[in-house]
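# Summary of the model geometry
Residues per chain, in single letters:
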Amino acid sequence: MRKISIFGATGSIGQNTIDLIRRAPDSYDVVALTGGANIERLAQDAIALRADIAVTAYDGHLPALQAALQGSGVEAAAGQTALLEAAARPADWIMSAIVGAAGLAPGLEALKHGTTLALANKESLVCAGQLLLQTAERYGARLLPVDSEHSAVFQGLVGEDIAAVERIIITASGGAFRDWPLEDLPKATLAQASSHPNWDMGQRITIDSASMFNKALEVIETKEYFGVRPEQIEVLVHPESLVHALVGFNDGAIMAHLGAADMRHAIGYALHWPERQSLPVERLDLARIGQLNFRAPDPARYPALRLANEVMARGGMMGAAFNAAKEQALDDFIAGRIRFTDMAVVVETVLEQMSGESDLIDAEMTLDNVGRVDHLARKQAAHAAAERIG
Ligand code: NAD
Ligand code: MG
């Protein structure tokens, strides 16, 4: 029996992971499940999977969690320290599926204990890629990609030499507004931005797909995880979301990865790696699908992609500033304080301000310093947003 834990178990990736685990209950010994405010979901799953412990990120929800787990034999805990303690519990495999920079500290903690970390939480690679990779290496832990594009590239590299890779192409659906007239984008509502043409995901990543901040994060994630140069990374709009990524080699060959738009593929690949095992995902019928379309992303529609290039060119801890500013701008959009198109303006303003903060941006990449950059960038983003409101 493999010991596993799921961080962010109540979210979209967490629930897809649990779906796979449930299909083979005798293969897994569940150590910890963590969640946020959805205590009912967390408690139900923890009991059904016979987890040792369930942790809510929020102290205020502890009494509800304790009540829901009463008599079940599942331990209840809450708060940041409890999350770190859960990450330190011996496990063979941990799913990192908390959304946002909050996933970084538990992920690092798991790696320090030599645990294989399946990383859906792309934000932690964007904020502190070098720190994560170095920690994994130092403690002999594995970091496996779960983002669909990165899983696709990872699979395309099996048996290949990274030195023979010329380029990595990640695809993007184009999001909810890919066919909208540009002048309508400022009017986009929260409900419109929260619906994705192809994927069923958490709300935050769905909105980030409409703005392509998600793809911007993924470009940085590609650079960090695979160690390629920014010029080697391309983004291609592919409305069908069936080709997830392509790897171009020095002999001109391109290996494409195709599959249904179902995160259980990438999760299952990371779960069973280095083996492949049968997964309950749809098999593509390409004759029926008939055609696949590709086009270059429009820079005017997706300013986030240009910002990602600026972040990579600046280096240091600019990724942490970028992610934090994006998270704050997204909070402000969700709360109705700024417009959809204001998010990129806010993030760009923060990048301009932060690039001058050399003492901070170019300091040693530690968890504390990443936290400092994150804090300042959020503050600046909140200011920039307040100015947009006027
Ligand atoms: P979600 O919003 O559905 O779930 C997020 C989970 O994190 C929940 O369990 C929530 O309780 C927990 N959480 C939220 N804030 C927290 C905090 N401050 N501290 C601790 N826990 C917290 O998100 P999701 O769509 O499942 O995405 C999870 C991660 O996977 C993100 O990094 C996302 O970018 C990435 N990802 C998701 C998909 C997808 O299909 N949903 C695809 C690729 C990558
Ligand atoms: Mg992705």
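Refer to the preceding data block for the structure.
Description of the structure in this document. (Residues numbered from 1 in each chain as written. Chains lettered and ligands numbered in written order. Predicted model: local features only at pLDDT ≥ 70, side-chain atom pairs only at ≥ 80, totals over all residues. Heavy atoms only, no water.)

### Here we look at the overall build of the protein
Along the backbone of the protein there are 17 helices and 11 strands. The C-alpha radius of gyration of the protein comes to 20 Å, within 12% of the 21 Å expected for a compact globule of 390 residues. Taking the principal axes of its C-alpha atoms as reference, the protein extends roughly 55 × 55 × 40 Å. Buried residues in the protein amount to 54% of all 390 residues. Taking as baseline every contact in the protein between residues at least 6 positions apart, the subset at least 24 positions apart corresponds to 67%. Here the protein has roughly 16700 Å² of accessible surface; of this, 49% comes from carbon and sulfur atoms. (Helix = DSSP H or I, 4+ residues; strand = E, 2+ residues; numbered from the N terminus. Rg over C-alpha atoms; globule rule 2.2 N^0.38 Å. Buried < 20%, exposed > 50% of the residue type's maximum accessible area, 1.4 Å probe, protein only. Contact = heavy atoms within 4.5 Å. Areas by Shrake-Rupley, 256 points an atom, 1.4 Å probe, with all protein chains shown as cover.)

### Quick notes on the coordination of the magnesium ion (ligand 2)
Of the protein atoms, only D147 (OD), E149 (OE) and E218 (OE) coordinate the magnesium ion (ligand 2), at distances of 2.1 to 2.3 Å. If you list the donors of the magnesium ion (ligand 2) from N- to C-terminus, the spacing comes out as D-x1-E-x68-E. Its relative accessible area of 7% is what places D147 among the buried residues. You can call E149 buried: its relative accessible area is 7%. (Donors = N, O, S within 2.8 Å, 3.2 Å for Na, K, Ca; no water.)

### A look at the site of ligand 1
Near ligand 1 you find 23 residues, and of these T10, S12, I13, G36 and E123 are the closest. Measuring from an oxygen atom of ligand 1, one finds a backbone N or O atom of V99 at 3.4 Å. For ligand 1, an oxygen atom lies 3.0 Å from a polar atom in the backbone of G202. Coverage of ligand 1 by the protein chains reaches 86% of its 820 Å² of free accessible surface. (Near = heavy atom within 4 Å. Polar contact = N/O pair within 3.5 Å; in protein donor to acceptor, adjacent residues only side chain to side chain.)

### A closer look at the sheet that holds strand 4 (residues 75–78)
An order of 4-3-2-1-5-6-7 is seen for the 7 strands of this open sheet, with the pairing classed as parallel. Looking along the sheet, the strands with just one partner apiece sit at the ends: strand 4 and strand 7 (143–145). The sheet shows a mean angle of 20 degrees between the axes of neighbouring strands, taken without regard to direction. Summarising the sheet, strand 5 (residues 93–96) and strand 6 (residues 116–119) pair through 4 bridges and their orientation is parallel. Bridge assignment links I94 to a residue of strand 6, and that residue is L117. Contacts from helix 11 (residues 264–272) reach strand 1 (2–7), strand 2 (28–35), strand 5, strand 6 and strand 7 within the one sheet, and its direction differs from that of strand 5 by about 155 degrees. (Pairing = 2+ DSSP bridges. Axes fitted to C-alpha atoms, helices over the stretch in contact; angles between N-to-C directions.)

### So, the packing of aromatic side chains
Overall, the coordinates contain 8 aromatic pairs when judged by the stated rule. Measuring from ring centre to ring centre gives 6.2 Å for F154 and W273, while their planes differ by 45 degrees; the resulting arrangement is tilted. With F154 in helix 7 (residues 148–156) and W273 in the loop between helix 11 and helix 12 (286–289), this pair connects stretches of sequence that are 119 residues apart. Plain terms: the ring middles of Y225 and F226 are 4.8 Å apart, the flat faces sit at 75 degrees to each other, and that makes the pair edge-to-face. The pair formed by Y225 and F226 is uniform in burial state, with each residue classed as buried. Linked through ring pairs, F154, Y225, F226, Y269 and W273 together constitute an aromatic cluster. (Phe/Tyr/Trp six-rings, centres within 6.5 Å; stacked < 30°, edge-to-face > 60°.)

### A short note on the side chain of E123
When you line up the elements, E123 lands in helix 6 (residues 122–138). K326 provides the closest opposite charge to the buried, salt-bridge-free E123, at an N-O distance of 5.1 Å. One polar contact links E123 to N121, side chain to side chain, over a distance of 3.0 Å. Excluding residues within four positions of it along the chain, E123 makes contact with V99, G100, A101, L217, N323 and E327. (Lys, Arg positive; Asp, Glu negative; His and termini not counted. Salt bridge = Lys/Arg side-chain N within 4 Å of Asp/Glu carboxyl O.)

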